[in-house]
Amino acid sequence: MLNATLKSLLSRKLRLVLSGLAIVLAVMFVSGSMVIKDTLNRSIDAQFNGAYDDMDLHVALKPKVAADTGDTAAVAPLDAAAVARAAKVPGVAGAKGLVMAEGARVLGRDGKLVKSTGGPRYGESWRGESKLIELRSGHEPRTDTEVAINAGLAEEAGFKAGDQISVLTSEPKRTFTVAGVFGYSGDRGSIGGEQTVAFSAPVAQQLMLGRPDAFSGIKVDVAPGASVPAVRAALTAGLGGEFEVLTGEGLAKKASDQSRGVLDMMNQLLLGFAAVAVLVGVFLIVNTFSIIIAQRMRELALLRALGAGRGQVIASVLIESFVVGLVSSAIGLAAGIGIGALGSDLLAGATDGLEVASLGVPASAVATSFAVGILVTMAAALFPAVRASKVAPIAVIRASATPDGTHRKQTWTGSVLLGLGVLLLALGLFGSSGVSVVLGGVLLAFVGVALLTPLFSKPSVQVIGAVFSRSLPGQLGRRNSARNPRRTAITASAMMIGVALVTAISTVASSSEDSVTKDIRRDLKADYVAMGEAGSAGSATIDPAALTRISEVPGVKAVAAAALDTATVGKEAQPVTAWQDWNTAREVLGLQDAQGSLAAPAAGTVVMNESTAKTRGVKVGDSLTLQLQRGDARTYEVAGLFKDSSLTNSVVVPWADAASGFRGTQPSQAYFQLDGGAEGASVRPEIEKLLADSPEVTVKTKEEVIEMFSGGMAMILTVVQGLLGVAMLIAVLGIINTLALSILERTKEMGTLRAIGLSRGQTIRMVMTESVVISLFGAVLGIVVGGVLGLAVAHAMKDQGVSELSLPWGQMLAYLIGAGVVGVIASIAPARRGARLNVLTAISHG
């Protein structure tokens, strides 16, 4: 039986290779992501290795707002008394206060921010030369008007000792003289792509921490003979639980962990591609083995007649799938290693100064690759294997192909899942269950539709095929595509899954974009907005003095400035905003009262939008405790609610609290409203001129703000198109496989058609029509399913500001056209083979 299985496998190796390519792609993405992660993890660890060798222990206050809330945590300043307490702990030889915090942004010679080199932008007090830090030119900062910069920053910006340099911090732009350029041991210009500006201690304290005599941490030297772990424990006990005590190695690990954001995002993206490849590949493998088993009906019946049991038949098919999975996994792993090497170099290239470690292939990548490849292939082949075991010995005298069955179990299963999905969708959309229930309903409905596809594949392809039925080849292709509904459905499912996924995501994105566009055009009363680009709107800073001067420009009616930050409610992140003039902000943003008082928040009170109040479970008159970036937790009374707006959905705190509790003291955005008769063409240049020293923001019109939000959606859709590309590639393989096996199955029929006058060109058009109809059927089904489910998710996101439901008509048309092109491409090889059949040999076949 084993010999028969291996011979059968070798006789159909091309078909199985085509089905195995889907597994190759899935394994390639899985192994590639793991290789990239391992290689760059070791590269980052090596980069930070020794970064704090000059530090035995480091003491710092734990941040008020944890960094895992999605934003960089503000440094909690400690005072000289804490340094003195640390110095008195037994085993401590010395304790020195340090200043080091993110937020020192250097301006280039063109007045714009120096391009990031992949790491944070630090401002610190000069630490002095050590076995880690070495001056390469000039000298240390000796006055409050001098700074030293690291070599990586100097090279990127083109600065040298003696140059003038402008720096943005928590205060407006300051200009210094570059006293010196320093580097790190190992001939490194930077560590992890960071850019560092070292000030004199008093200047660093004021600019980076906002107050004199404050420190971000304490450098602790352990006395000779003392145990570092013992001193660390003594410091933890002596200073209290609000302090964090780390060794130099622990500090290096913490810094390296914070540098893995891009790496983790890339890893998740590749795993997303792998998930799509696996999901779509399952349908391809099921279809391939089903067709092969249908063609081997006589062979299997003969084996049964000769005494083979059902278990042996199942084992035979599973052995074939095991070999396919094994070979595909090996090829996919090799391709994944190549992708990992390329991806590691590309990602490292985006981070100046990061040297890529030797390529690593972790054992987990090898094990996972073969587990995914083999298990997925064997699981997909199990159903066809069970079906093959049910072949009766009498089938040896029947035709090789079997008619399509009713598959009642599949129909009932699909109907139940679809029903449950619709029920969950109804509960989520019309009840109070929320988005998570809707997403569960979407998943069940999606699987249910996929299982029910054979029910409506025949009428659907008949309708779609009518477009091509004006000629004889078109009519034959249309009928061929409807001949075996289940086979057609499974073949089209690969296309359906990909198109449905991207259509659903595109629908949500389109609805979100239209909602934002409508809200901005309806509510925004400001003529111009000064803000950072998408993704940096909250971290940009504006010089308050510039806003004062702008308010005096002829033609400017009102200025509303906002500071943005992140706080926490309990352990959950909460966006917070403070407005310098709340009443003006309400007017320029078009905010509408919902409940309570929307007067400027008095001390101890906040206002917020309705969705935030719903999420936090509060109403007017209730108390809400916020932990801002600085200071102790504060309890506020909810004074009023305003209706949701795409322009601002957050908790609004008093402006005075922003000055004492936010990460920075400068506004992040500003809105300008002009007098009725003012000419924007003359006022805008004046605003831009006065904001020249705040280069992180640009002045935008209402339409330019809309374009910025649309650009963010476009980035999401670019990733989505990549997922569609993977699905379409596998769909091409699936259609090629199905057509090739179908032509082999219909060899005698095609020979007869050629004998009675069907030309080679007509044969090609017949096969091409069949391919295009199947591909379009999958695309149409995917668009319908994805559109409906996408609208359901968008409707459930009304609390997130999605007020409009819209379909991406242009993109859906593009998906249809793409599916037609895929159908044509997939048909080329099978059509040429069918057209080249020897007529006499084909007629005598089987």
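## Quick notes on the nonpolar core
- Of all hydrophobic cores here, the largest spans 95 residues; its most connected members are Met495 and Ile730.
- In terms of residue count, helix α23 (residues 760–796) provides more of this core than any other element does, 16 residues in total.
- Among the nonpolar cores identified, the runner-up in size contains 42 residues, and Val59, Ala82, Val147 and Val181 belong to it.

## So, the packing of aromatic side chains
- Following the criterion strictly, the structure yields five aromatic pairs and no others.
- When the ring of Trp579 is compared with that of Tyr671, the centres are 5.7 Å apart and the planes differ by 45°; the resulting orientation is tilted. Linking Trp579 in strand β17 (residues 572–579) with Tyr671 in strand β23 (residues 669–674), this pair joins segments that are 92 residues apart in sequence. In terms of burial, Trp579 and Tyr671 fall into one category: buried.
- Considering the side-chain rings of Trp582 and Phe642, the 6.1 Å spacing of their centres and the 50° angle between planes classify their relative orientation as tilted. With Trp582 in helix α17 (residues 582–589) and Phe642 in strand β21 (residues 634–642), this pair connects stretches of sequence that are 60 residues apart.
- The class for Phe642 is buried, based on a relative accessible area of 0%.
- Through a chain of ring-to-ring contacts, three or more aromatic side chains come together here, namely Trp126, Phe182 and Tyr184.

## Some details on the environment of Ala633
- Looking at where Ala633 falls in the secondary structure, it is placed in the loop between β20 (623–626) and β21.
- Exposure remark for Ala633: the relative accessible area of 46% places this residue in the partly exposed category.
- Each C-alpha atom of the pair Ala633 and Lys571 lies 12 Å from the other, and the pair is 62 residues apart in sequence.
- Residue contacts for Ala633: discarding those within four places in its chain leaves Thr625, Leu626 and Gln627.

## With respect to the pattern of salt bridges
- Counted under the stated rule, the structure contains 26 salt bridges.
- With a shortest N-O distance of 3.9 Å, Arg136 and Asp187 are connected by a salt bridge. In this pair, Arg136 is assigned in strand β7 (residues 133–138) and Asp187 in the loop between β10 (174–184) and β11 (195–199), connecting sequence segments 51 residues apart.
- Given a relative accessible area of 36%, Arg136 falls into the partly exposed group.
- Look at Asp187 and you get exposed, because its relative accessible area is 67%.
- Salt bridges sharing common partners tie together Arg109, Lys160 and Asp163.

## Focus on the side chain of Ser645
- The residue Ser645 is located in the loop between β21 and β22 (651–653) in this model.
- Ser645 sits in the buried class, given a relative accessible area of 3%.
- Those residues in contact with Ser645, other than ones at most four positions away along the chain, are Asp519, Asp523 and Leu591.

## Comments concerning the sheet that holds strand β14 (residues 243–247)
- Taking strand neighbours across the sheet as the criterion, the four strands line up as β3-β13-β1-β14 in an open arrangement whose pairing is antiparallel. Looking at strand neighbours, the two that pair on one side only are β3 (92–98) and β14, the edges of this open sheet. The sheet shows a mean angle of 25° between the axes of neighbouring strands, direction not considered.
- Summarising the sheet, β3 and strand β13 (residues 217–222) pair through six bridges and their orientation is antiparallel. Paired with Gly94 across the bridge in β13 is Asp221.

## As for the environment of Ala562
- The residue Ala562 is located in strand β16 (residues 556–569) in this model.
- Along the sequence, Ala562 and Val784 sit 222 residues apart, while their C-alpha atoms lie 43 Å from each other.
- If sequence neighbours within four positions are ignored, Ala562 has contacts with Thr577, Ala578, Trp579, Pro667, Ser668 and Gln669.

## Description of the pairing of β17
- Relative to β17, β16 runs antiparallel, the two being bridged by eight bridges. Along β17, the bridge assignment pairs Thr568 with Ala573.
- As defined by bridge partners, β17 adjoins β22 across three bridges and the pair is classed as parallel. Each bridged residue has a counterpart across the sheet, and for Val576 the counterpart in β22 is Val651.

## Some details on a nonpolar patch on the surface
- Nonpolar side chains collect at one region of the surface, where Val780, Val784, Val788, Leu813, Leu816, Ile817, Val821, Ile825 and Ile828 lie side by side and expose about 750 Å² of accessible area between them.
- Elements with a minimum of two residues in the nonpolar patch: α23 and α24 (809–835).
- For the nonpolar patch, the element with the most residues is α24, which contributes six residues.
- By relative accessible area, which is 42% here, Ile828 ends up partly exposed.

Conventions adopted
- Residues numbered from 1 in each chain as written.
- Predicted model: local features only at pLDDT ≥ 70, side-chain atom pairs only at ≥ 80, totals over all residues.
- Heavy atoms only, no water.
- Core = buried A, V, L, I, M, F, W, Y, C linked by side-chain atoms within 4.5 Å.
- Buried < 20%, exposed > 50% of the residue type's maximum accessible area, 1.4 Å probe, protein only.
- Helix = DSSP H or I, 4+ residues; strand = E, 2+ residues; numbered from the N terminus.
- Phe/Tyr/Trp six-rings, centres within 6.5 Å; stacked < 30°, edge-to-face > 60°.
- Contact = heavy atoms within 4.5 Å.
- Salt bridge = Lys/Arg side-chain N within 4 Å of Asp/Glu carboxyl O.
- Pairing = 2+ DSSP bridges.
- Axes fitted to C-alpha atoms, helices over the stretch in contact; angles between N-to-C directions.
- Patch = residues over 30% accessible without salt bridge, like charges linked within 9 Å, V, L, I, M, F, W, Y side chains within 5 Å.
- Areas by Shrake-Rupley, 256 points an atom, 1.4 Å probe, with all protein chains shown as cover.

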